[in-house]
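Listed below are the residues making up each chain.
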Amino acid sequence: MRNYLAGSIILLAAMLALSTVARAQTEDGQAGQQAGANRGRGRGQANAPSPTANLPFDPHDFSGVWMGRSEAPIGRLSSKVPAMTPWAQARYDAAKPGLGPRAQPLGNDPIMICDPIGYPRIAHGGAYPMEFVQTKDRLIEFFDFFYTYRTIYLDGRPLPSDPEPRWYGYSVGRWEGNTLVVESAGFNDQSWLDTDGHPHTDQMQIEERFQRVDHDTIEAKMTVTDSKAYTAPWVTSVTWKLSPKQKMREDLCAPSDEAKYKQEMREPAAQKN
Amino acid sequence: MRKRLSIYFWLAAAVLMISAPTFAHHGSIVSYDINKIVTMEGTVTEFQWRNPHVYVMYDVKDAQGKVVNWGAETHSPIVCENQDGWTKSTLKPGDKITITVFPSKIGTTRGLLAKIVLNGKVIIDDTGRGVQAGQ
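Definitions and cut-offs
- Residues numbered from 1 in each chain as written.
- Chains lettered and ligands numbered in written order.
- Predicted model: local features only at pLDDT ≥ 70, side-chain atom pairs only at ≥ 80, totals over all residues.
- Heavy atoms only, no water.
- Helix = DSSP H or I, 4+ residues; strand = E, 2+ residues; numbered from the N terminus.
- Buried < 20%, exposed > 50% of the residue type's maximum accessible area, 1.4 Å probe, protein only.
- Areas by Shrake-Rupley, 256 points an atom, 1.4 Å probe, with all protein chains shown as cover.
- Contact = heavy atoms within 4.5 Å.
- Core = buried A, V, L, I, M, F, W, Y, C linked by side-chain atoms within 4.5 Å.
- Disulfide = S-S within 2.5 Å.
- Phe/Tyr/Trp six-rings, centres within 6.5 Å; stacked < 30°, edge-to-face > 60°.
- Lys NZ or Arg CZ within 6 Å of the ring centre and 35° of its normal.

Trainee: Looking at this structure, how should I read the overall build of chain A?
Mentor: The secondary structure content of chain A amounts to three helices and nine strands. Listed by position from the N terminus, the elements making up chain A come as α-β-α-β-β-β-β-β-β-β-β-α. Taking all 273 residues of chain A together, 51% fall into the buried category. Roughly 12,700 Å² of accessible area belongs to chain A as shown, and the carbon and sulfur atoms make up 53% of that amount.

Trainee: Which parts of the structure should I look at to understand the overall build of chain B?
Mentor: From N to C terminus, chain B includes two helices and six strands. Each helix and strand of chain B, placed in order from N terminus to C terminus, yields the pattern α-β-β-β-α-β-β-β. Partitioning the contacts of chain B with sequence separation of at least 6, the portion at a separation of at least 24 is 58%. If you sum the accessible surface of chain B, you get close to 6,000 Å²; carbon and sulfur atoms cover 56% of it.

Trainee: How should I be thinking about the nonpolar core in this particular structure?
Mentor: One broad rule of soluble globular proteins: the nonpolar side chains tend to lie buried together. Judged by nonpolar contacts, the single largest core of 42 residues is most densely connected at Y119(A), I122(A), F132(A), F146(A), F210(A), V224(A) and W240(A). Secondary-structure elements contributing two or more residues to this core are α2 (86-94), β2 (129-134), β3 (138-143), β6 (179-185), β7 (205-214), β8 (217-225) and β9 (234-242) of chain A together with α2 (77-84) of chain B. It is β8(A) that contributes the most residues to this core, four residues altogether. Among all residues touching Y119(A), those that are not within four sequence positions of it are E141(A), F143(A), R150(A), W167(A), Y168(A), F187(A), M204(A), I206(A), E208(A) and M222(A). One finds V56(B), A72(B), W86(B) and I116(B) within the second-largest nonpolar core, a separate group that totals 20 residues.

Trainee: What's the story with the state of the cysteines in this structure? I'm lost.
Mentor: Residue and element names in this part refer to chain A. Applying the stated criterion across every chain yields a total of one disulfide over all chains. Covalently, C114 is tied to C253 through a disulfide, its sulfur atoms 2.1 Å apart. Handedness here is read from the sign of the S-S torsion; for C114 and C253, about -75°, the answer is left-handed. With C114 in the loop between α2 and β2 and C253 in the loop between β9 and α3 (255-270), this residue pair connects regions lying 139 residues apart in the sequence. Neither residue differs from the other here; C114 and C253 are each classed as buried.

Trainee: Looking at this structure, I do not really get the packing of aromatic side chains. What am I missing?
Mentor: Aromatic rings considered in pairs are described by the distance between their centres and by the relative angle of their planes. Residue and element names in this part refer to chain A. Under the counting rule described, the total for this entry stands at 12 aromatic pairs over all chains. Of the aromatic side chains, those joined through ring pairs into one cluster are F62, F132, W175 and F210. The side chain of R157 reaches across the aromatic face of Y153, ending 3.6 Å from its centre.

Trainee: Help me understand the environment of I34(B), please; the structure alone is not making it clear to me.
Mentor: Residue and element names in this part refer to chain B. Mapping I34 onto the fold places it in the loop between α1 (2-18) and β1 (38-48). Looking at I34, the relative accessible area reads 9%, which means it is buried. Counting along the chain gives 69 residues from I34 to P103, while the straight-line C-alpha distance between them is 7.5 Å.

Here it is as structure tokens:
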């Protein structure tokens, strides 16, 4: 009996772990993760072999529409959270997220008033497609989530030395063999790093290493360094799957739509008049 | 006894695995009691096919015959489209629906959409969301 129970528990744990991997880790649903080949909720289709994975490809060409899956649990930038400085801890404590273990009604997530979601948080919004458009000297990453983009310059320019802070920063890339190494800096400190409300400063620097490992897959490893906020870097990754059937839409956050939603749904659900 | 326990054990495992952690950064799921469901017959008064969340407003007759307007929200349009094949014309004012929601914790006429039956057809079934307590 004891062996039976122990075996069942181990098996259940394994199943849950696998299902967690299979499920998308997104901010607003994972159905889109199956976009392209599969429509559905990620109930087992995610690991099905793709008929196009073995097609020939150019490892230096990322062109196409992709769907991302973060390695992180829902709401977090990475599975391991580095220790915060007192400054970051205070900001984190003041953040009231709408999703995750600290979720509360009527929170203060900046995107709930349609502030730009910022980078790198947008890269983990996996329900939405991203399109790489590549030219000789730049790679443009169009995000359907928040209907925005960032430019990664491939022409050898350095990062600006005294940049005007941006929500999506400045990015330059270089090839190291078949790995595109992208350095980013020049962010403002207004966006959250993740849905759980982790902050960052304007000193945040990001290194990403993109590698197209097969026709259908780009592995993107990310290291976020922000010593004014964290005692160690955040290390995370996103796996991007080529999703040619996925449509790029117009997932804008329109302030008037958000205000109507707040008035008709969010507030009446959370408080009585 | 052992057999019965085993069945419940694996049922629970199955439910946990298929549950979709699909809601939403726009700060709402914590407002709903996902351990409770309410099913109503309603008439659609408004269908909001837009960000941040798609929602439907509908009239329901209460026990005294008084018409009460309810609202139920679901995913963003892209998720509704990818997951359930919804479009901007999936629902329209005047549609008669059987709607199941996870009601608001404070007892207001709002809910998190669990299921809709329209013309005898299930057009969304998110009742599996009920195991997402704490999300």
